[in-house]
Structures are given as structure tokens and as C-alpha cells.
Amino acid sequence: MRIAISTGGGDAPGLNAVIRAIVLSAHTRGWQTYGIRRGYGGLLGDDGIMTLTPEKVRGITHLGGTILGTTNRGNPFRWVVRDASGNDVEVDRSDELIAAFSASGFDALITIGGDGSLKIGYDLWRKGLMVVGVPKTIDNDVPGTLATFGFDTAVATATDAIDKLHSTTESHERVMVVELMGRDAGWIALHSGIAASADVILIPEIPFDIEKVCDKVRAREQAGRHFSMVVVGEGARPHDGGIVLLERRAAGTVDRLGGIGSLVARAISERTGKETRSLVLGHLQRGGSPTTFDRLLGLRFGAAAVRAVADGAFGVMIGYNPPVINRVPMEQVIGKSKHVPLDSDTVLTARELGISLGD
Ligand code: F6P
């Protein structure tokens, strides 16, 4: 059996743990593993395929990033090329990719990805490839699994950052607004905001009223708490406005979210008169060494993916649904997003702790 691995899309801490577990679990069965470089680029004339042996994956569990490299512009169904007039246009190279896959003698593909990469994997499965998906994203927005690897590390990084900002914010008696990643899902903002004792948490699932946010800042002021910590998910939006984008979608990419933090900071400053600063934590949340939880989850996902290949179970995604690691049909996952449920105990906990959710 020859298994190919793809790690396309945005990286997430724990990816190397998944790769290592796949390689070692396959090796235990006497199978070979190959890494497709840069998403699917390695099969489409880019610089290649890496043969992955136990030696090649030694000592990588704790490393962030992916040893295979990645890109979020590598969709074989919407490959970007420059036409004669110099414009970027998308072409479908999926047949070429499938031909290259067969020519390389691969039997199965394990695709480790978020919504975009899992959709590519699903479409390749529908075209005949033997595909198993592994859910990866710091955003934790993939349905069919309680957690994706990378999320716990991102939350730990964000919590640590908010902790650090607390002291300077309090010393200067300011309002600090921290913008966190997560796209349309508020998992990172909600979990790190609660863990780091934020005063206000704004998430995409709950459109906010800026006046309610300012009420919280004013109430703290009156109670002698002359500083406030406001955590904002990048996809959060006011009840009377839309999502804020940093950049509109260009060929082969998705919209880049960003900017809501500074808008909220300016509005708070104007309405309350408080000195306000904002900070975008950005890609720090995607970097660094995975937490113990993410390492273990990644290793369990990788081993489970090879187990699925051994059982001939394809068109499935590996899920973490305690107490089990299970297989979820990919069609139940594709095109959907897992949002923070408004009646979840985490949301209730935030409210009961007196944290304003801006509504
Ligand atoms: O999906 C993961 C994620 O980090 C999002 O939270 C964020 O909006 C996006 O990727 C950033 O993408 P890029 O690395 O292309 O800027």
C-alpha cells in the first residue's frame, strides 16, 4: 500500500504530529508513505513528492507548521494561472492531478485540512480517489468533530497574550481591544476570552450593539475598575453592519477578514472618552509548538486515518467525539460550518461570570 499525504490550506500546530503518526502507523503495516509538497502542487508539476520514512519524521511531533509546506492557493479544481492578457484566471486541473496520482502508484490519499481542503478531498473522492480526511484548523469550525487539532494551541496562545495585555492595560487605565482569528466562528475568542478574564467578548454568532459594549466599560469605570479588556473574533459584526474585510477575494483565494478590532476600539474611545488601544494577534495564533492536547489529538488522528485505510473506509473524515475517535461520512461535513451554539454552557458561563457579549 502506498499512501500519499496532503496538508494544503492554512497550517495549524499539530500537523507534523499527524504526519508522523501516519508514517509510523503505515510503516508498522509494511506500507509506504509519500508527502505531496505544497498542498497538491507536488503532483501538478511543482517540485514534488517526499518519500516519508520513519527517519524523516523523527523528532517532529513538537514542531509547528508542516514539513510538507503548504499553500491556500492550491485548489486543483480552481488552479490559478495567468492568461495572455496578464489576468489571473482559474482552471480545473483535477483530471491531471488524478492522472499524476495514479502514475505515482499511490493507492490512497490522506488529506489533512480545514473546510476548503476537506472539500477538495471530497471532490477527489467523488472522482474516484481513495480518500480519508483529517480535520485541521485553529478555527475549530469543522462539523463532525468536537475539536480540530490546532485549536487548543491557538486558544493557549491567545489566552497568554490577553494575560500579558492585562497588566499594561490596567497600569494605563485604558481599554484594550484584542482581535483574534477564527473566521465566521467565535471559538477562539470565546474560549480564550473566558479563560483570560476578558470583560467583553464579541463573537460572530452574536451580533453586537456597540452601545452595550460601552455600557460595560462605563459600568466598570463607575465600579472603580478603570480598565477593560475587550476580545473580538475577526468575524464579529455589529447588529447594524457587516463583517469587516482586510482584502476581497482574488482568484484562488478566500476573503481575508480583519479590521473589526480597530473599528471597535475607535468607537469605544469616541463614545466613552477612554483611552483605547487595539491589537491584532494574527498569525501568532497559528505558530509555535502544539500543546500536549493537540499533539496527542494529531497522533490519534493520524493513526486512525491509517486504520481507516486498512479497513477500506474511504470518503470519511476522522472525528474526535469523546470517548471515541470515529469516522464521519465526508458528505455530512462538506459545505457546513460548526458555530458556537448560543445555548452552550460556555456561552452561559460567560454571561454568568458577568462578561458582556455585546447583546
Ligand atoms: O482558517 C485559519 C485562519 O488562520 C483564519 O483564522 C484566518 O482568518 C485565516 O486562516 C488567515 O489566512 P491567511 O494565512 O491566508 O492570512
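Residues numbered from 1 in each chain as written. Predicted model: local features only at pLDDT ≥ 70, side-chain atom pairs only at ≥ 80, totals over all residues. Heavy atoms only, no water.

## Regarding the packing of helix 6 (residues 210-222) against helix 7 (residues 260-272)
Turning to step 1, where the next piece is worked out: The interhelical angle for the contact between helix 6 and helix 7, taken along N-to-C directions, is 60 degrees, at an axis separation of 10 Å. When the interaxial angle is binned, helix 6 and helix 7 end up oblique. Between helix 6 and helix 7 lies a crossing of right-handed hand. Listed contacts from helix 7 to Ile210, Glu211, Val213, Cys214, Val217 and Arg218 of helix 6 are Val264, Ala267, Ile268, Arg271 and Thr272.
Turning to step 2, where the next piece is worked out: The residue makeup of the contact of helix 6 with helix 7, split by class, is seven nonpolar, one polar and three charged. (Axes fitted to C-alpha atoms, helices over the stretch in contact; angles between N-to-C directions. Helix = DSSP H or I, 4+ residues; strand = E, 2+ residues; numbered from the N terminus. Parallel < 35°, antiparallel > 145°, perpendicular 65-115°, else oblique. Left-handed = near helix turned anticlockwise from the far one by under 90°. Contact = heavy atoms within 4.5 Å. Nonpolar A, V, L, I, M, F, W, Y, C, P; charged D, E, K, R; others polar.)

## Considering the pattern of salt bridges
Turning to step 1, where the next piece is worked out: Tallied over the entire structure, the rule returns 19 salt bridges.
Turning to step 2, where the next piece is worked out: Salt-bridge contacts for Arg286 lead to Asp11; the nearest nitrogen and oxygen are separated by 2.8 Å. A residue pair is termed long-range when its members are at least 10 positions apart, and Arg286 in the loop between strand 13 (276-280) and helix 8 (292-310) and Asp11 in the loop between strand 1 (2-6) and helix 1 (15-28) qualify at 275 residues.
Turning to step 3, where the next piece is worked out: Close ionic contact of Glu211 with Arg218 constitutes a salt bridge, the shortest N to O distance being 3.1 Å.
Turning to step 4, where the next piece is worked out: Salt bridges sharing common partners tie together Glu211, Asp215, Arg218 and Arg271. (Salt bridge = Lys/Arg side-chain N within 4 Å of Asp/Glu carboxyl O.)

## What to know about the nonpolar core
Turning to step 1, where the next piece is worked out: Among the nonpolar cores identified, the biggest contains 64 residues, and Ile110, Ile112, Val132, Val134, Phe149, Leu180 and Ile201 are the most heavily contacted of them.
Turning to step 2, where the next piece is worked out: Beyond its immediate stretch of four places on either side in the chain, Leu180 contacts Ala158, Ile162, Ile188, Ala189, Ser192, Val231, Val232, Gly233, Glu234, Leu281 and Gln285.
Turning to step 3, where the next piece is worked out: The next biggest cluster of nonpolar side chains, apart from the first, holds 26 residues, and it includes Ile98, Ala100, Tyr122 and Leu124. (Core = buried A, V, L, I, M, F, W, Y, C linked by side-chain atoms within 4.5 Å. Buried < 20%, exposed > 50% of the residue type's maximum accessible area, 1.4 Å probe, protein only.)

## Some words on the packing of helix 1 against helix 8
Turning to step 1, where the next piece is worked out: Packing of helix 1 against helix 8 brings their axes to within 7 Å, and their N-to-C directions diverge by 40 degrees. For the element pair helix 1 and helix 8, the recorded crossing hand is right-handed. The segment helix 1 lies against helix 8, with Ala17, Val18, Arg20, Ala21, Ile22, Ser25 and Ala26 engaging Arg295, Gly298, Leu299, Gly302, Ala303 and Val306.

## Details of the sheet that holds strand 10 (residues 228-233)
Turning to step 1, where the next piece is worked out: Reading across from one edge, 9-10-8-13 is the order of the four strands in this open sheet, with parallel pairing throughout. This sheet does not close on itself; its edge strands, each paired only once, are strand 9 (200-202) and strand 13. Taken pair by pair, the neighbouring strands of this sheet meet at an average axis angle of 15 degrees, ignoring direction.
Turning to step 2, where the next piece is worked out: Two elements, strand 9 and strand 10, share three bridges in a ladder whose sense is parallel. (Pairing = 2+ DSSP bridges.)

## Notes on unusual backbone geometry
Turning to step 1, where the next piece is worked out: Going from Pro322 to Pro323, the amide bond is cis rather than trans, its omega being 10 degrees.
Turning to step 2, where the next piece is worked out: Note that Pro323 resides in the loop between strand 14 (316-321) and strand 15 (324-329).
Turning to step 3, where the next piece is worked out: Of note in this structure, Ser197 is not a glycine but carries a positive phi near 60 degrees.
Turning to step 4, where the next piece is worked out: Here Ser197 lies in the loop between helix 5 (187-195) and strand 9.
Turning to step 5, where the next piece is worked out: Taking relative accessible area as the criterion, Ser197 reaches 48% and is therefore assigned partly exposed.

## Comments concerning the site of the ligand
Turning to step 1, where the next piece is worked out: Taken together, Asn72, Ile138, Asp139, Met181, Gly182, Arg183, Glu234, His283 and Arg286 make up all the residues around the ligand.
Turning to step 2, where the next piece is worked out: Between Gly182 and the ligand, the recorded distance is 3.1 Å, taken from a backbone N or O atom to an oxygen atom.
Turning to step 3, where the next piece is worked out: Between the ligand and the protein, one listed contact pairs an oxygen atom with a side-chain N or O atom of Glu234 at 2.6 Å.
Turning to step 4, where the next piece is worked out: For the ligand, whose accessible area on its own is 390 Å², the fraction buried by protein is 78%. (Near = heavy atom within 4 Å. Polar contact = N/O pair within 3.5 Å; in protein donor to acceptor, adjacent residues only side chain to side chain. Areas by Shrake-Rupley, 256 points an atom, 1.4 Å probe, with all protein chains shown as cover.)

## Focus: empty space enclosed by the protein
Turning to step 1, where the next piece is worked out: This model, assessed by the stated rule, comprises one cavity of 30 Å³ or more.
Turning to step 2, where the next piece is worked out: A volume near 40 Å³ is recorded for the largest cavity.
Turning to step 3, where the next piece is worked out: The class makeup of the residues in the lining of the largest cavity is five nonpolar, one polar and two charged. (1 Å grid on protein atoms, 1.4 Å probe; cavity = no way out; pocket = protein on both sides within 12 Å on 5 of 7 lines; lining within 4 Å. Points joined across faces, edges and corners; volume = space filled by probe spheres on them.)

## Considerations on a nonpolar patch on the surface
Turning to step 1, where the next piece is worked out: A surface patch of nonpolar side chains, amounting to about 160 Å² of accessible area, comprises Val81, Val89 and Val91.
Turning to step 2, where the next piece is worked out: Residue placement: Val81 occurs in strand 4 (residues 79-82). (Patch = residues over 30% accessible without salt bridge, like charges linked within 9 Å, V, L, I, M, F, W, Y side chains within 5 Å.)

## Let's talk about the side chain of Asn140
Turning to step 1, where the next piece is worked out: Considering the arrangement of structural elements, one finds Asn140 in the loop between strand 7 (131-135) and helix 4 (151-172).
Turning to step 2, where the next piece is worked out: Side-chain polar atoms of Asn140 contact the side chain of Lys338, separated by 3.2 Å.
Turning to step 3, where the next piece is worked out: Apart from the residues lying within four places of it in its own chain, the contact partners of Asn140 are Leu146, Ala147, Thr148, Phe151, Trp187 and Lys338.

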